[in-house]
Amino acid sequence: MRQSRHLGLSVAQIAELIGLWSDSQRTSREVKAVAQRHLADLEEKRREIEQMMDGLSVLVKACHGNDQPHCAILDKLSRGSLAQHQPQQKPQLKKSRVQAEVTSASTSSPIDLMAWMRGVHVHHDAH
């Protein structure tokens, strides 16, 4: 069971495996099903990460990365032109309050995002 965290198994999955480990009536089919579900979850996460990487690659290639203020990355992000590179279903990760605010702001218009950013700077400067 020590290896289970290294394989990315959740606490619930580990608990399920421990329950199966201690059940002398279990079948190996039941244990394999837990591992197969986790493998399928990892495959989905990998696909989502690959899509995010593809989208980010498009942004990086579009940017000259020079001393000029124009930024193709910000232009493309503000227009939302990378929809085809976004995962079909976003990962269900726990979000901090700041991440939730960023997610909320990023689903609004670019003007709302700019208003949110001003609020972050004002809020951050106040501390």
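Further up the page is the structure itself.
Below you will find a few notes about this structure. The structure presented is a predicted model; accordingly, all values stated were derived computationally and were not measured.

## Things to note about a nonpolar patch on the surface
A cluster of nonpolar side chains, Ile 49, Met 52 and Met 53, forms an exposed patch at the surface whose accessible area comes to about 300 Å². By the secondary structure assignment, Met 53 is in helix α2 (residues 28-62).

## Points about the pattern of salt bridges
Taken as a whole and assessed by the stated rule, the structure comprises 4 salt bridges. Here Arg 47 makes a salt bridge to Glu 44, at a shortest N to O gap of 2.8 Å. Here Arg 47 pairs with Glu 44, and both are found in helix α2, just 3 residues apart, close to one helical turn. Measuring nitrogen to oxygen at the nearest pair gives 3.6 Å for the salt bridge that ties Glu 50 to Arg 46. Of the two residues, Glu 50 and Arg 46 are both situated in helix α2; the distance of 4 residues between them amounts to about one turn of the helix.

## Let's talk about helix α1 (residues 11-22)
Taking 1.5 Å of rise per residue, 12 residues should cover 16 Å, and α1 covers 16 Å from first to last C-alpha, within 8% of that figure. When α1 is considered as a whole, its buried residues turn out to be Gln 13, Ile 14, Leu 17 and Leu 20. An end-on view of α1 places all buried positions within 120° of arc, on one side of the element. In α1, those exposed residues whose orientation departs by more than 90 degrees from the buried face are Val 11, Ala 12 and Ser 22.

## Thoughts on the nonpolar core
By size, the foremost hydrophobic cluster in this structure holds 5 residues: Leu 9, Ile 14, Leu 17, Leu 20 and Val 34. It is α1 that contributes the most residues to this core, 3 residues altogether. Once you skip the residues sitting within four places of it in the chain, Leu 20 turns out to touch Arg 26, Glu 30, Val 31 and Val 34.

The rules behind these values
- Residue numbering note: each chain is counted from 1, following its sequence as written.
- Two thresholds apply to this predicted model, a pLDDT of at least 70 for residue-level local features and 80 or more for giving and counting side-chain atom pairs, whereas whole-chain, interface and lining totals are computed over all residues.
- Working from all heavy atoms in the structure, the side-chain values ignore hydrogens and water.
- Any residue with relative accessible area above 30% and no salt bridge may belong to a patch, with like charges joined within 9 Å and the nonpolar Val, Leu, Ile, Met, Phe, Trp and Tyr side chains within 5 Å.
- The Shrake-Rupley method, run with a 1.4 Å probe sphere, supplies the accessible areas, and residue values consider only the shown protein chains as cover.
- The term salt bridge refers to a side-chain nitrogen of Lys or Arg lying within 4 Å of a carboxyl oxygen of Asp or Glu.
- Put simply, DSSP marks the helices as runs of H or I at least four residues long and the strands as runs of E at least two long, and each gets a number from the N terminus on.
- In this analysis, the expected span of each helix is defined as 1.5 Å times one less than the number of residues it contains.
- Only protein chains enter the accessibility calculation, which uses a 1.4 Å probe; a residue whose area is less than 20% of its type maximum is buried, one above 50% is exposed, and one in between is partly exposed.
- Throughout, the arc means the angular range of directions from the helix axis out to the C-beta atoms.
- The nonpolar core is taken to be a set of buried Ala, Val, Leu, Ile, Met, Phe, Trp, Tyr and Cys residues, with the residues joined through side-chain atoms within 4.5 Å.
- In what follows, residue pairs with any heavy atoms lying within 4.5 Å of each other are defined as contacts.

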